[in-house]
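# Architecture at a glance
Read off the chains here:
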Amino acid sequence: MNVWGGIAKLNERFRSWGLTDTRIRNWLGDFQGTNTTSSMDMVKLLAMLSRDKLVSESSREQALELLRNTTTRTLLPSGLGPGAVIADKTGDIGFVVGDAGIIDMPNGKRYLAAIFVKRPYNDPIVRDFVRRISRIVYNYLDQPAARVPDNLR
């Protein structure tokens, strides 16, 4: 047993972070999908990273820079408006496609998104679905906030 690392230690760390659906069962690449996570766990993880609750400031900036430079831009990023910045990670193992990211909008709003979709093997329609959901959420959050009348404050 390796006391310094290994799958068991990783899973223990995930549980300590509150990631209840994230489990490593096999080392990467796990193209059979035995390793699991959820969109909720990915949002929790991104929130911890975003709020400096996970790693040091310099490690946080390095991680965000890596995520901002993800080369696959066909999922969440393709639904965003001009000027938006996303730090995201995509995944595709044939029967599941997903993307999770931290989105900073030009209007100053920040939101987290994670979409995982099971699909028939390599069915391309799911990518369009993720793009459409990304666009709907972005457009909704891009609306100016409704002004609350003084008598309702």
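Refer to the structure presented above.
Described below are features of the structure shown in this document. It should be emphasised that the depicted structure is a prediction, and the values quoted were computed from it without experimental measurement.

### Some details on the environment of Asn139
With respect to the secondary-structure elements, Asn139 resides in helix 4 (residues 125-141). A relative accessible area of 37% places Asn139 in the partly exposed class. Taking C-alpha positions, Asn139 is 8.0 Å from Gly81, a pair spaced 58 residues apart along the chain.

### Considering helix 2 (residues 39-50)
For helix 2, which comprises 12 residues, the first-to-last C-alpha distance of 16 Å matches the rise-based estimate of 16 Å (1.5 Å per residue) to within 8%. What helix 2 keeps buried is the set Asp41, Met42, Leu46, Ala47, Met48, Leu49 and Ser50. The secondary structure elements touched by the buried residues of helix 2 are helix 3 (57-68), strand 2 (96-104) and strand 3 (110-118).

### What about the pattern of salt bridges?
One pass over the full model with this rule turns up 9 salt bridges. Put simply, Arg119 and Asp92 hold a salt bridge, and the shortest N to O gap is 2.7 Å. Of this pair, Arg119 sits in the loop between strand 3 and helix 4 while Asp92 sits in strand 1 (residues 85-92), and the two are 27 residues apart along the sequence. Relative accessible area serves as the criterion here: at 35%, Asp92 is assigned to the partly exposed category.

### Re the side chain of Asp88
By secondary structure assignment, the location of Asp88 is in strand 1. Asp88 gets classed as buried once you look at its relative accessible area, which sits at 0%. Among the polar contacts listed, one links the side chain of Asp88 to the side chain of Arg73, at a separation of 3.0 Å. Apart from residues no more than four positions distant in its own chain, Asp88 is found in contact with Leu67, Thr70, Thr72, Arg73, Pro77, Asp99, Ala100 and Gly101.

### Let's talk about the nonpolar core
Counting residues in each nonpolar core, the largest one holds 14 residues, and the members touching the most others are Leu76, Leu80, Ile103, Tyr111, Val117 and Val130. Looking at this core, the elements that each hand over two or more residues are strand 2, strand 3 and helix 4. With 4 residues, the single largest contributor to this core is strand 3. In this view, Leu80 contacts Ile86, Ile103, Tyr111, Ser134, Arg135 and Tyr138; residues no more than four positions away in its chain are not counted. Grouped together as the second largest cluster of nonpolar side chains are 9 residues, Leu46, Leu49, Leu64 and Ala87 included.

Definitions and limits used
Residues numbered from 1 in each chain as written. Predicted model: local features only at pLDDT ≥ 70, side-chain atom pairs only at ≥ 80, totals over all residues. Heavy atoms only, no water. Helix = DSSP H or I, 4+ residues; strand = E, 2+ residues; numbered from the N terminus. Buried < 20%, exposed > 50% of the residue type's maximum accessible area, 1.4 Å probe, protein only. Expected span 1.5 Å × (residues − 1). Contact = heavy atoms within 4.5 Å. Salt bridge = Lys/Arg side-chain N within 4 Å of Asp/Glu carboxyl O. Polar contact = N/O pair within 3.5 Å; in protein donor to acceptor, adjacent residues only side chain to side chain. Core = buried A, V, L, I, M, F, W, Y, C linked by side-chain atoms within 4.5 Å.

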